[in-house]
Amino acid sequence: MSNPGTPRPSPRPTLHRKVKNPEVIEIKSDPDSSEVSSTSLDKRDEITNGSSDITHQILNDDVTNTREAAAGDQCEDIADMEETDLLDDFKIPARTLPAYNAPEKIIIVYDSAIDEVSTGFLMNNEKICPTVMLKRSLRFFLYNKQLIDPRHEFALVVIDDNSVVWLKDFTCHIDTIINALDEISACETEDILVLDNLFKLIGTKVKMPEIKENFNVPPPYVVRVLFTYGRSYTMPKLDYQLQEVFSLVSSPYFTFDILMTHEMPSTTNNCIKIFKDLQQIDCKGFAYFFPVGRSAAQLHLCIAKLLGHPLQRSVQRLADYTINAMET
């Protein structure tokens, strides 16, 4: 199954991006932002305790299944979907919502950064820039997701060196998203990426469905973030005590999927630490996390697995994608 500061150097060049009329350019952190109450924190701990085993076991599988291709500069997907025996203490999170095909509001968070030390995806004997390959896979996702259900809506958020841009609001017209995606140029990275502003921005742009006492009643829609992360050295940082963070990650109608493209994990980068930190965002146990090395095939395979509806797909640890011949 899918597996799971150092002193800041002198400022690096900021993002040079062709942006047409962005709705939000940058959200700055508010030092006086409110924190959740101790009761809410206790509640989050209670939720997290129910899924911590899942995330840690996925991480262990990620590390165990890491391998390097014979060519030396290729890295197979660490999130290899091979069958593994379930551990005795593995706990399956309980679903409270019906497996209903509610329309999705999908926020694609595109990471425009390229590491200073970066290798390309090898495809047809050609090395392709990681951001270019990521854009290709996102086009694949958009076209196929809309084909599955035209009611789905998509928004585009861009993360550069350390700021957040809400580039396109929700729309059913995927060409709008694709054209905006194509116009984004790459930027360099910093040592730390603060994710607080991302959740604050989502909170101002998205109204979550009201939580009903009767979970058998399906919501009018669900909200999903498809978060892409292409940094092998930059550590993500998130303040879980922020009300904006807690209200989203604890909502049964919110899912935070992660697709991370990265260099081959080694002692010279922070891949393993990043895997662990990013998996802590999901406190319910239903989000998907895919770390992908420089394999174009594995990248598109993981994107295909993200096409599943969050209310209908299996828990990632238990997902089985094998196709068996029907018995006659």
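Details of the structure are given in the entry above.
Residues numbered from 1 in each chain as written. Predicted model: local features only at pLDDT ≥ 70, side-chain atom pairs only at ≥ 80, totals over all residues. Heavy atoms only, no water.

Draft legend 1. Here's a closer look at the sheet that holds strand S4 (residues 153-159). One open sheet accounts for six strands, arranged S5-S4-S1-S7-S9-S10; its pairing is mixed. The sheet is open, and its two edges are formed by strand S5 (164-171) and strand S10 (289-292), each paired on a single side. Averaged over all pairs of adjacent strands, the angle between strand axes in this sheet comes to 15°, irrespective of strand direction. Note: S4 against S5, five bridges, orientation antiparallel. Among the inter-strand pairings, leucine 156 is bridged to a residue of S5, identified as lysine 168. (Pairing = 2+ DSSP bridges. Helix = DSSP H or I, 4+ residues; strand = E, 2+ residues; numbered from the N terminus. Axes fitted to C-alpha atoms, helices over the stretch in contact; angles between N-to-C directions.)

Draft legend 2. Representation of the nonpolar core within the structure. Among the nonpolar cores identified, the biggest contains 42 residues, and Ile107, Leu198, Phe199, Phe227, Phe256, Leu278 and Ile281 are the most heavily contacted of them. Among the elements of the structure, strand S1 (104-111), S4, S5, helix H4 (196-205), strand S7 (222-229), helix H5 (243-249), strand S9 (254-261) and helix H6 (271-279) are those that each provide at least two residues to this core. Among the elements that line this core, the one with the most residues is S7, at five residues. Not counting residues up to four positions away in its chain, the partners in contact with leucine 198 are Val109, Val157, Ile159, Val164, Phe227 and Phe256. Membership of the second largest hydrophobic core comes to 33 residues, among which are Ile106, Ile177, Leu181 and Ala296. (Core = buried A, V, L, I, M, F, W, Y, C linked by side-chain atoms within 4.5 Å. Buried < 20%, exposed > 50% of the residue type's maximum accessible area, 1.4 Å probe, protein only. Contact = heavy atoms within 4.5 Å.)

Draft legend 3. Representation of empty space enclosed by the protein in the model. By volume, the second largest cavity is sized at about 40 Å³. In terms of residue count, the dominant contributor to the lining of the second largest cavity is helix H2 (residues 130-148) (three residues). Residues of the lining of the second largest cavity, tallied by class, amount to three nonpolar, three polar and one charged. (1 Å grid on protein atoms, 1.4 Å probe; cavity = no way out; pocket = protein on both sides within 12 Å on 5 of 7 lines; lining within 4 Å. Points joined across faces, edges and corners; volume = space filled by probe spheres on them. Nonpolar A, V, L, I, M, F, W, Y, C, P; charged D, E, K, R; others polar.)

Draft legend 4. The arrangement of the pairing of S10 in detail. In S10, alternate side chains face the same way, and those of Phe289 and Pro291 on one face and Phe290 and Val292 on the other are all buried. One ladder, built from four bridges, connects S9 with S10; its direction is parallel. Along S10, the bridge assignment pairs leucine 259 with phenylalanine 290. Crossover connection from S9 via H6 to parallel S10: handedness right-handed. (Right-handed = clockwise from strand over helix to strand, strands pointing away.)

Draft legend 5. Looking closely at the pairing of S7. Across the eight residues that make up S7, a large majority, eight, are buried. Side-chain alternation along S7 places Val222, Arg224, Leu226 and Thr228 on one buried face and Val223, Val225, Phe227 and Tyr229 on a second face that is also buried. Pairing geometry for S1 and S7, over six bridges, is parallel. Of the residues in S7, the one forming a bridge with lysine 105 is valine 223.

Draft legend 6. Spatial organisation of the pattern of salt bridges. Considering all chains together, one arrives at nine salt bridges under this definition. With its nearest N and O atoms 2.6 Å apart, the salt bridge here joins glutamate 153 to lysine 105. Of this pair, glutamate 153 sits in strand S4 while lysine 105 sits in strand S1; the two residues are 48 residues apart in sequence, bridging distant segments of the chain. Taking relative accessible area as the criterion, glutamate 153 reaches 23% and is therefore assigned partly exposed. The partner of aspartate 182 in a salt bridge is arginine 139, and the shortest N-O contact between them spans 2.6 Å. (Salt bridge = Lys/Arg side-chain N within 4 Å of Asp/Glu carboxyl O.)

Draft legend 7. Spatial organisation of the packing of aromatic side chains. Counted under the stated rule, the structure contains seven aromatic pairs. With 6.2 Å between their ring centres and 70° between their planes, phenylalanine 275 and phenylalanine 289 make a pair best called edge-to-face. With phenylalanine 275 in helix H6 and phenylalanine 289 in strand S10, the pair connects residues that are 14 residues apart, well separated along the chain. Each member of the pair, phenylalanine 275 as well as phenylalanine 289, carries the same accessibility label: buried. Grouped by ring-pair contacts, the aromatic residues Phe199, Phe227, Tyr229, Phe254 and Phe256 constitute a single cluster. (Phe/Tyr/Trp six-rings, centres within 6.5 Å; stacked < 30°, edge-to-face > 60°.)

Draft legend 8. Quick look at the packing of H2 against helix H3 (residues 174-182). Two numbers describe how H2 lies on H3: the axes approach to 10 Å, and their chain directions differ by 175°. The pairing of H2 with H3 is recorded here as roughly antiparallel in orientation. The residues of H3 that touch H2, namely those facing Lys135, Leu138, Arg139, Leu142, Tyr143 and Gln146, are Ile174, Asp175, Ile177, Ile178, Leu181 and Asp182. Considered class by class, the residues forming the contact of H2 with H3 number seven nonpolar, one polar and four charged. (Parallel < 35°, antiparallel > 145°, perpendicular 65-115°, else oblique.)

Draft legend 9. Quick peek at H2. Along its 19 residues, H2 runs 27 Å from first to last C-alpha, staying within 8% of the 27 Å computed at 1.5 Å per residue. Those residues of H2 not exposed but buried are Pro130, Thr131, Met133, Leu134, Lys135, Ser137, Leu138, Phe141, Leu142 and Lys145. (Expected span 1.5 Å × (residues − 1).)

Draft legend 10. The arrangement of the environment of threonine 204 in detail. For threonine 204, the location among the structural elements is in helix H4. Under the relative-accessibility criterion, threonine 204 is labelled exposed at 63%. Note: C-alpha distance between threonine 204 and glutamate 244 (40 residues apart in sequence) is 9.2 Å. Among the polar contacts listed, one links the side chain of threonine 204 to the backbone oxygen of leucine 201, at a separation of 2.7 Å. (Polar contact = N/O pair within 3.5 Å; in protein donor to acceptor, adjacent residues only side chain to side chain.)

Everything listed is a geometric property; what it means functionally is a separate question.
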